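# Observations on chain architecture
So you can see what is in the structure, the chains are spelled out below.
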Amino acid sequence: MSKQNFNHNSLESSNKAISYIFNTLIVLSLVIVVISTIYALQWKDKTFPGFLVYNPVIVSDVALPHWAQHQGYGIQSYDKILRVDGFKIPNSLELYDYVSSKPAGTYFNYEILRNGKITDISVPSLKFTSQDLLNIFGVVFFVGLVFLIIGTIVYKLKPLLLTSKVFYAICFCLGIWFVVDFEYQTGFNFLYYINWQFLAQLFTPAFLILFAFVFPSPNKLYLNKRYILLIPFVLSGLFFAVQLYILKNNINGYWSAIYLASYVYVFIGTLFVLFSLVFRYYKPQTILDKQRAKVVLIGAIFGFLVPAFLSIFIVVFQLSNLHFLVIPILIFPLSIAYAIVKHKLFDIQELVQKAMVYGLSSGAVAALFILPLFLLNLYYSTENLWKNPIYLLILSVVVILIVNPLKNLVQKFVDNIFFRKKYDYPSTISEFSDTLSSLLSINEISNELMSMIGKTLFVDKGYLFVKNNDTGAFNLSSSIPEDFIQNETSGLDKLGPDHALIEFLYKNLKEIFVEDVITESQYAQKRIDLLKTFADYNVSLITPLFFKSDLLGILLLSNKKSGQFFTTEDINFIRTISNQVAISIENSFSFELVQDYANEVEEKNKQLKNVQAQLIQAEKMSAIGHLASGIAHEIRNPLNIIEGARYYLSSLFTNGSENGVAQEYLEYIQNEVIRTNRLIDSLLDFSKFQESNIENININNVIENVLILSRKQLSDSKIKIKKNLDDKIPTLKGDSNQLWQVVINLLMNSVQAINSIPDKNGEGEIVVESGIYSKSEGNYLDHLYLKVMDNGCGIKEKDLSSIFDPFYTNKPDGTGLGLSVSYKIVEAHSGSMLVTSEVGIGTSFMVELPVVNQFSGEVVNGQKENLNS
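None of these values were measured; they are calculated from a predicted model.

Basis of the calculations
- Residues numbered from 1 in each chain as written.
- Predicted model: local features only at pLDDT ≥ 70, side-chain atom pairs only at ≥ 80, totals over all residues.
- Heavy atoms only, no water.
- Helix = DSSP H or I, 4+ residues; strand = E, 2+ residues; numbered from the N terminus.
- Buried < 20%, exposed > 50% of the residue type's maximum accessible area, 1.4 Å probe, protein only.
- Areas by Shrake-Rupley, 256 points an atom, 1.4 Å probe, with all protein chains shown as cover.
- Polar contact = N/O pair within 3.5 Å; in protein donor to acceptor, adjacent residues only side chain to side chain.
- Arc of directions from axis to C-beta.
- Pairing = 2+ DSSP bridges.
- Contact = heavy atoms within 4.5 Å.
- Axes fitted to C-alpha atoms, helices over the stretch in contact; angles between N-to-C directions.
- Parallel < 35°, antiparallel > 145°, perpendicular 65-115°, else oblique.
- Left-handed = near helix turned anticlockwise from the far one by under 90°.
- Nonpolar A, V, L, I, M, F, W, Y, C, P; charged D, E, K, R; others polar.
- Expected span 1.5 Å × (residues − 1).
- Bend = angle between axes of the 7 residues up to and from the residue.
- Salt bridge = Lys/Arg side-chain N within 4 Å of Asp/Glu carboxyl O.
- Patch = residues over 30% accessible without salt bridge, like charges linked within 9 Å, V, L, I, M, F, W, Y side chains within 5 Å.
- Lys, Arg positive; Asp, Glu negative; His and termini not counted.
- Charge placed at Lys NZ, Arg CZ, Asp CG, Glu CD.
- Core = buried A, V, L, I, M, F, W, Y, C linked by side-chain atoms within 4.5 Å.
- pLDDT = per-residue confidence, 0-100.

## What to know about the overall build of the protein chain
Looking only at helices and strands, the protein chain features 26 helices and 21 strands. When each of the 869 residues of the protein chain is scored for burial, the buried share is 44%. Accessible surface for the protein chain amounts to roughly 45,800 Å². Of this, 59% is attributable to carbon and sulfur atoms.

Encoded structure:
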C-alpha cells in the first residue's frame, strides 16, 4: 500500500470516528430534549412554594412578577431555606413534595439563612399555571432547542469543516444549558444529578475561546501551539469539580460565588470571540475571512454580547426575571451558521436591499391609505365621509394602481442612495446578446465574453476554455489578462479530455466554488484534483458552458478586484451570459462544419476539374499522337522523293553563275527537307513513346547533369542559377533519360523567357528546387517535387490552359512539342506538372513525382516519416 493511500485511509477512519462521536451527541441531545419536555409538562397546574429553588434548597434568581419574590413576602434570591413549618428540609425535592401536598394559597413558614443571619418569613403557595410554564420553561427551552437544531444543521452541511465541528460543540453546550435549565430548578431527575446544565454552561466558554482561534480560519496559535487551547477546558473541568464539591457538601456560602463566576466565565468567552472577530476584520488572512468576521461580529454584538452582559446584572443585582433576553441570543448562532455555510456573504446586502424596498414601499402605501382617512376624519367628521364604503373602494383602487409604480420609484431611490451600482446587468446582458448574434468566430466570441466580464465584474483573472471537437480537450481561448496565452508555457493552456474537472462538471452540471470543494462532502472523491485546478489558475469560481447536455466551454474566474465576492445577482448574471455564449459556440461549430464542408466540396470540384482536364489532355494527346503518326509516315515518303530529286538535280549542274543560283535554291530545299524530317522525328517521338529504361535514380543527380551540360549556354546569357536541392530525398524507379529531357526542356524554356526581355540583356535568375512532402491525408512523405522558377517574361493567363497542347507555341522558331513531350513523360511516371505564371514577374513549373509509382508499386527506401517529427 502506498503512503498516499495509507494517509487517505487513515483520514477516512479518523473522519468516521469523529462523525460517530458527533452523531452520538446529536442523539443524546434529542433524548435530553424529550426527557426535559416530559418533566416540564408535569409541572402544569402543580402547587409550588411561589418561587423556585436550586439544590441545596437555595432560592432561584428566576421569578415572574406575580411570584413571592416580587410581592413583598420577604423571600429573596439565593436565600438558603433551613426549615418549613418547623420541619428540616434536606433537599429541594422534599420541599416541593411537602408544599404540593397542600392546596394552593396555603401559607408556609420558612426559616431562611441570609448573609449569615436566620430569618423567619411566611409565604403563600401558588399554582404553576400554563402561562408560568410558557414564561419560565417555554422561552428558554425554545432557544436551547433552536441552538441544537442550528448546530446540527451546520455540522451536517459541513461535516469536514473544523469551524462547523467547534460551532456544533458551542451549540450543543448552549442548547443543553437552556433545555435543562428548568429541570435544574424543578425536576432533580437524572439530568440534575448528572448536572448537565452546569456542565454545559461551564464548557461553553471553553469552546467559545477555541472558536475564536479557528474562525473564520485557524490562526497561527492553533496551527503551531494548539496545546495552549487546552487551558480553558482544564479550567472548565476545575470549575465543574468545585461546583460538584460545593453541592455535595452543602457549602452555602460559596455556592452563589461559583454560580456568579460561571456567568463571568461565559462573558469572558464571549469577549474572546468578539475581540477575535474585530482583529480578523481589521487584519484578515483573506477577504473571505474579513467578510465572515463582519457577519458574525454583528451577530455577536446584538445576539450574544448584550444578553451575556445583562445576565450579570440579573445575578448581581437580583433583578426580576428577564427570560425574554435569551431570544436575541439566536442572532449569534444564526450569524455564525450563515458565515460557515454560505460563502456568498454579499447576499446579505441583497436581503437588506429587498427588506428596505418592501419596508419603504409598505410604509408609503400605508401612508397613502391612512393619511386621506385621517384628513377626512379631521375636517369632515360630521359628515362621516370616511366611513362611506364607496370612498374606501375608490381609495383601494387608487392604491392598487399606484403600488407597482411606487415600488419601482422606491427601488430606484434605494439603489441610488444605498446600493449604487455602476452596471445595470439586464442592459448589459441585452447589449451582449446583440453583439453575440453577429459573431461566428470562436476567438471573437471568447474575446467579447472576457472583455465584458472584465468591465462588469472587475475580476483579477479569468480564463475561457473551449472544447476541441476533434480531440475532446478544452483549449484556452481567451483570458484576463489578455497576454496569458502568449506568456503561458507550463501547459495550463489546455485541459485534457480526461481532466478531473471536466469529468466532475459533466456530473455536477453547475458552477463550482472553491469554498464548496473544501467543505462539501460531494466533492470528497475529486477534492484534491479540483483544489489543484483552483490553485493552478488562482481562481475561486468555475462555471460550465453547456449546450443541452454537451459541455462546450469552461469559465474560470477569480475574486473581484474590490475583494468582494460574487452575489446571487452576479451568479445569475454569469449563468445567463454562459448560456448565451454556449449557444454562440455551438453556432460557431455549426458554421465551421458548414464552411469546412463547403471548402471540401470546392476542393473536390477543383480536383475533379483537374482530373477532367488531365483526361481531356490525355485523350487530346493520344488523338494527336495517332494523327501525327499517320501524317508523319505519309509526309516522309514524298519528302524522300523530293530529297532524291534534289540530289539528282544538284549533280547535273556545273559551276557557273546560273548554276550557282540553282545550287542556292537546291540548298534551301535541302534545309527545309532536313527541318521537316526533324519535325517528323519529333512527331514520331511524341506519337510513339519509347520504351523506358527503368532504374533507381536520384532526381538531384538528373538536375546536376542538366546544369553541367547547360553551363556554357547559361554563362553566355549571364543567367544566375540558384539551387535548393533536398539531399534527403529518396531514390525512385524511373527513366533518367526521359526525366533529363523534362528538366532540360523546363530549363531551356526559362532561359528563353529571360532572354526574350530586351531590358534584362540576358541577365536573370533561375531557381531549381527539389524536395519531398505529403500529398495524401496520411502522415507519409509520398511525393517528390521538382521546381524550376524564373523571373522571365511570364505567360499570359489566357495561354496557361494551352501550353501543354502539342504544336502550341509563341516562339518564332519553336515547334510547340517540348512541354507536350515533357508532360507526357511526367504522366508516364504517374506524376503531374503544374504551372503558375504572371506576366512581367516570372514563371514557376512544378513536377510532382510519387515515391510509390507505376514502375515499382512500393515505398522507395521504406520512406514512412511522420510529418510532425
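## Notes on the side chain of Ser-36
Assignment of secondary structure puts Ser-36 in helix α1 (residues 3-41). Engagement of the side chain of Ser-36 in a polar contact is seen with the backbone oxygen of Val-179, the distance being 2.8 Å.

## Describing helix α23 (residues 699-709)
Among the residues making up α23, those that are buried are Ile-699, Asn-700, Val-702, Ile-703, Val-706 and Leu-707. Viewed end-on, α23 has its buried residues packed into an arc of 160°, placing them on one side of the element. A distance of 2.8 Å separates the backbone nitrogen of Asn-700 from a side-chain oxygen at the start of α23, and that oxygen is part of Asn-698.

## Some words on the sheet that holds strand β9 (residues 462-467)
Spatially, 6 strands are ordered β11-β10-β9-β14-β13-β12 in an open sheet, and the strand pairing comes out antiparallel. For this open sheet the edge positions go to β11 (494-495) and β12 (512-513), each flanked by a neighbour on one side alone. The sheet contact formed by β12 and strand β13 (residues 541-547) spans 2 bridges and is antiparallel. In the strand pairing of β13, Phe-513 is matched with Leu-541. Against the sheet, helix α16 (residues 442-456) makes contact with β9, β10 (474-480) and β14 (550-557), and its axis sits at roughly 40° relative to β10, the strand it touches most. The sheet strands contacting helix α18 (residues 500-508) are β9, β10, β11, β12, β13 and β14, and the helix crosses β14 at an angle near 110°.

## A few points about the packing of helix α3 (residues 130-157) against helix α4 (residues 162-179)
The interhelical angle for the contact between α3 and α4, taken along N-to-C directions, is 160°, at an axis separation of 8 Å. Judged by the inter-axis angle, α3 sits roughly antiparallel to α4. Once α3 is placed against α4, the crossing between them reads as left-handed. Looking at side-chain class alone, the contact of α3 with α4 contains 18 nonpolar, 5 polar and 1 charged residues.

## Some details on helix α7 (residues 196-214)
Between its terminal C-alpha atoms α7 stretches 26 Å, which fits the 27 Å expected from 19 residues at 1.5 Å a residue. Within α7, the axis deviates most sharply at Thr-204, by approximately 25°, and proline Pro-205 lies no more than four positions further along. By the criterion of burial, α7 is predominantly enclosed, with 18 of the 19 residues buried.

## Considering the pattern of salt bridges
Following the criterion strictly, the structure yields 9 salt bridges and no others. The partner of Glu-704 in a salt bridge is Lys-723, with the nearest N and O atoms 3.1 Å apart. With Glu-704 in helix α23 and Lys-723 in strand β16 (residues 719-724), the pair connects residues that are 19 residues apart, well separated along the chain.

## Description of the sheet that holds β16
Spatially, the 5 strands line up as an open sheet ordered β16-β18-β19-β21-β20, and their pairing is mixed. Since the sheet does not close on itself, it has two edges, and those belong to β16 and β20 (832-838), each with one partner. Sheet twist, expressed as the mean angle between neighbouring strand axes with direction ignored, is 15°. Alignment of strand β18 (residues 764-773) against strand β19 (residues 783-790), held across 8 bridges, turns out to be antiparallel.

## Quick notes on a negative patch on the surface
Where like charges cluster on the molecular surface, the negative patch consists of Asp-470, Glu-592, Asp-596 and Glu-600. Relative to the assigned elements, Glu-600 resides in helix α21 (residues 568-652).

## Quick word on unusual backbone geometry
With the exception of glycine, the majority of residues adopt a negative phi angle, and the majority of peptide bonds are in the trans configuration. Across the junction of Phe-215 and Pro-216, the peptide omega takes the value 0°, indicating a cis bond. Topologically, Pro-216 is positioned in the loop between α7 and α8 (220-224). Unlike most non-glycine residues, Asp-85 shows phi in positive territory, near 55°. On the secondary structure map, Asp-85 appears in the loop between β4 (80-84) and β5 (87-88). Residue class for Asp-85 comes out partly exposed when judged on its relative accessible area of 26%.

## Considerations on the pairing of β10
Buried residues dominate β10, accounting for 6 of its 7 residues. Bridge count between β9 and β10: 6 bridges; the pairing is antiparallel. Across the sheet, the residue bridging to Tyr-463 is Ser-479, located in β10. Linking two consecutive strands that pair antiparallel, namely β9 and β10, is a turn of 6 residues; a positive phi of about 85° is found at Gly-472 within it. In this structure, β10 lies alongside β11, joined through 2 bridges in antiparallel fashion. Each bridged residue has a counterpart across the sheet, and for Phe-474 the counterpart in β11 is Leu-495.

## Structural notes on the pairing of β19
β19 sits mainly inside the fold: 6 of its 8 residues count as buried. Alignment of β19 against strand β21 (residues 842-850), held across 8 bridges, turns out to be antiparallel. Note on β21: the bridge partner recorded for Leu-786 is Val-847.

## Examining a nonpolar patch on the surface
A surface patch of nonpolar side chains, about 690 Å² in accessible area, is lined by Tyr-227, Ile-228, Leu-230, Ile-231, Val-234, Leu-235 and Leu-238. The topology assignment puts Ile-228 in the loop between α8 and α9 (231-249).

## Points about the nonpolar core
In terms of nonpolar packing, the biggest core is built from 102 residues, with Phe-51, Ile-81, Leu-95, Tyr-110, Phe-167 and Phe-182 touching the most fellow members. When residues of this core are assigned to their parent elements, the largest contribution, 14 residues, is made by α7. With 39 residues, the next largest nonpolar core counts Ile-719, Ile-729, Leu-747 and Leu-786 among its residues.

## Considering the side chain of Ser-446
Along the chain, the position of Ser-446 falls in helix α16. Since its relative accessible area comes to 1%, Ser-446 is described here as buried. Among the polar contacts made by the side chain of Ser-446, one reaches the main-chain carbonyl oxygen of Ile-442 at a distance of 2.8 Å. Here Ser-446 is in contact with Leu-464, Val-466, Ser-477 and Ser-478, once residues within four sequence places are set aside.

## So, the environment of Met-452
Position of Met-452 relative to the elements: it lies in helix α16. Each C-alpha atom, one on Met-452 and one on Thr-428, is 8.5 Å from the other, the two residues being 24 residues apart in sequence.

## Observations regarding the confidence of the model for the protein chain
Across the protein chain, the average pLDDT comes to 76, with 69% of residues at 70 or higher. Taken element by element, the predicted model of the protein chain shows its lowest mean pLDDT in helix α17 (residues 484-487) (52) and its highest in strand β8 (residues 126-128) (93). Every residue in residues 1-8 scores below 50 in pLDDT, and together they form 2 contacts with partners more than four places removed in sequence or on other chains. Segment residues 853-869 is flagged for pLDDT under 50; beyond a separation of four residues in sequence, or across chains, it makes 36 contacts in the model.

## Let's talk about the environment of Phe-141
Along the polypeptide, Phe-141 turns up in helix α3. The buried category is assigned to Phe-141, whose relative accessible area is 11%. Along the chain, Phe-141 and Trp-177 lie 36 residues apart, while their C-alpha atoms are 9.2 Å from each other. The residues contacting Phe-141, other than those within four sequence positions of it, are Val-33, Ser-36, Thr-37, Phe-178 and Val-179.

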